[in-house]
Amino acid sequence: MRQGPGRDEDGRRLLTIGAFARAARLSPKALRLYDELELLHPAEVDPHTGYRRYAPGQLAQARLVAWLRRLGMPLARIREVTALSRAEAAAEIRAYWAGVEAETAARRDLAAFLVDQLSRPSPRAAPDAPGNGEPRMTSRTLSLRFASATDAGLIRPVNQDAAYASARVLAVADGFGAGGAEASSAAVESLRQLDGAAVTPGDVLNLLEDVSLRADEAVREAAEGDASVGTTLTALLWTGAELGLVHIGDSRALLLREGELLRITQDHTHVQSLLDEGRLTAQEAASHPQRALLTRALTGAGAIGAGTPGDRSPDLRLHEARPGDRYLLCSDGLYSVVPAEELRSALAAADTPGEAVAALVRLARAAGGPDNIGCAVADVHAR
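Only a predicted model underlies this, so the values are computations on that prediction, with no experimental measurement involved. (Residues numbered from 1 in each chain as written. Predicted model: local features only at pLDDT ≥ 70, side-chain atom pairs only at ≥ 80, totals over all residues. Heavy atoms only, no water.)

### Here we look at the side chain of His 247
You can see His 247 is positioned in strand S9 (residues 242-248). Exposure remark for His 247: the relative accessible area of 1% places this residue in the buried category. At a separation of 3.4 Å, a polar atom in the side chain of His 247 contacts the main-chain carbonyl oxygen of Gly 249. If near-sequence neighbours (up to four positions away) are discounted, His 247 is found in contact with Leu 233, Thr 234, Thr 265, Gln 266, Asp 267, His 268, Pro 314 and Asp 315. (Helix = DSSP H or I, 4+ residues; strand = E, 2+ residues; numbered from the N terminus. Buried < 20%, exposed > 50% of the residue type's maximum accessible area, 1.4 Å probe, protein only. Polar contact = N/O pair within 3.5 Å; in protein donor to acceptor, adjacent residues only side chain to side chain. Contact = heavy atoms within 4.5 Å.)

### Structural notes on the side chain of Thr 232
Assignment of secondary structure puts Thr 232 in the loop between strand S7 (230-231) and strand S8 (233-238). Residue Thr 232 is classed as buried on the basis of its relative accessible area, which comes to 1%. Engagement of the side chain of Thr 232 in a polar contact is seen with the backbone nitrogen of Asp 174, the distance being 3.0 Å. Side-chain polar atoms of Thr 232 contact the side chain of Ser 251, separated by 2.8 Å. The contact partners of Thr 232, leaving out residues within four places of it in the chain, are Val 172, Ala 173, Asp 174, Ile 248, Gly 249, Asp 250, Ser 251 and Leu 294.

### Here's the deal with the sheet that holds strand S1 (residues 15-16)
Working definition: the strands of a sheet are paired by backbone hydrogen bonds and lie parallel or antiparallel to each other. Read across the sheet, three strands follow the order S1-S3-S2 without closing on themselves; strand pairing throughout is antiparallel. Only two strands of the sheet have a single neighbouring strand rather than two, namely S1 and strand S2 (44-45). Sheet topology places S2 next to strand S3 (residues 52-54); two bridges connect them, and they run antiparallel. Residue pairing across strands places Val 45 opposite Arg 52, the latter belonging to S3. (Pairing = 2+ DSSP bridges.)

### Some words on unusual backbone geometry
In the Ramachandran plot, Arg 25 falls in the positive-phi region, its phi being about 60 degrees despite a non-glycine side chain. Structurally, Arg 25 can be placed in the loop between helix H1 (17-24) and helix H2 (28-36). We note that Glu 38 has phi near 60 degrees; this positive angle belongs to a residue other than glycine. Looking at the element boundaries, Glu 38 is found in the loop between H2 and S2.

### So, the confidence of the model for the protein
On average, residues of the protein carry a pLDDT of 83, and 84% of them reach 70 or more. Segment residues 123-139: pLDDT under 50, and 14 contacts once partners within four positions in sequence are set aside and those in other chains are kept. Here residues 305-310 is a poorly scored stretch, pLDDT under 50, and it has nine contacts once near neighbours within four places are set aside; other chains count. (pLDDT = per-residue confidence, 0-100.)

Take a look at the structure:
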């Protein structure tokens, strides 16, 4: 049937904006906004009055747009979804929501930390001795034993990894671009000043946020503003009872506790985001051609963000340490070629952190050493 004035392609009468709004359970104002945002155009606009009319077949799309906005989906992504087939749209919505849940989980962890810290008595004074004028420390007395190493590997002509270990700080950075070595060194150097800093568990995240901004500035200066130059950074700051973590990029922090190797960072890579969204399996991710494509890093462009969701800020977390814990920070030149079980065995077998880093470098070189190798190991001991 041919389309006539005021009718859709099936010959059905077009609906006024008011009638369409009632049928879609939306307001005329919302429909006008959807039109302006190019999410849903009217089927017909009167050239003289500008009055909008809609086809009955547009009801499903109008409702879908409304539902996606209620989910909080960005407008640009809604435009993409509404252009897809039903099956493709379903997959895209599933992927979006998986990303929301991953982000919410990270924010939940931060909220739990804040609640825990604010619920504790002041760490400076004993709760059973108020007003005695003699505050005393109540935290456990623990210390770190540590070692670090880097190696160029067997193929790369330049070593762009940097690693550092002290009684207060562990750090690994993996540089990239023409000035990657300078960028990674600048990032690690910015953390050295924490060696002499007075740190309490309640202040450690603020301190790490400040130092991450200083590291960002140091990398920007080292890269001379070149956005193609940058580095990852994964570091632990020791408070005497807990470890504060700052992490950006795809270097990793792992924990060997009671014989089990646990990964405590999440890669900031394109492939990891696909994994989080359910678009890839772990097997597919291992061989994905873009597995090294970073979504967050310290670069010559600077301005890592101000802590809002979706920006390029580092992850900041706090971990409670236990005597007997062994922490490993490493670049992808180690974990990408040495299987997790071999890493666990090497860490468990080494008597000291120095023996551990030496064994790990040997394993990476024995696996072909295709990339630079950076690692730092620390053991938690009771004094």
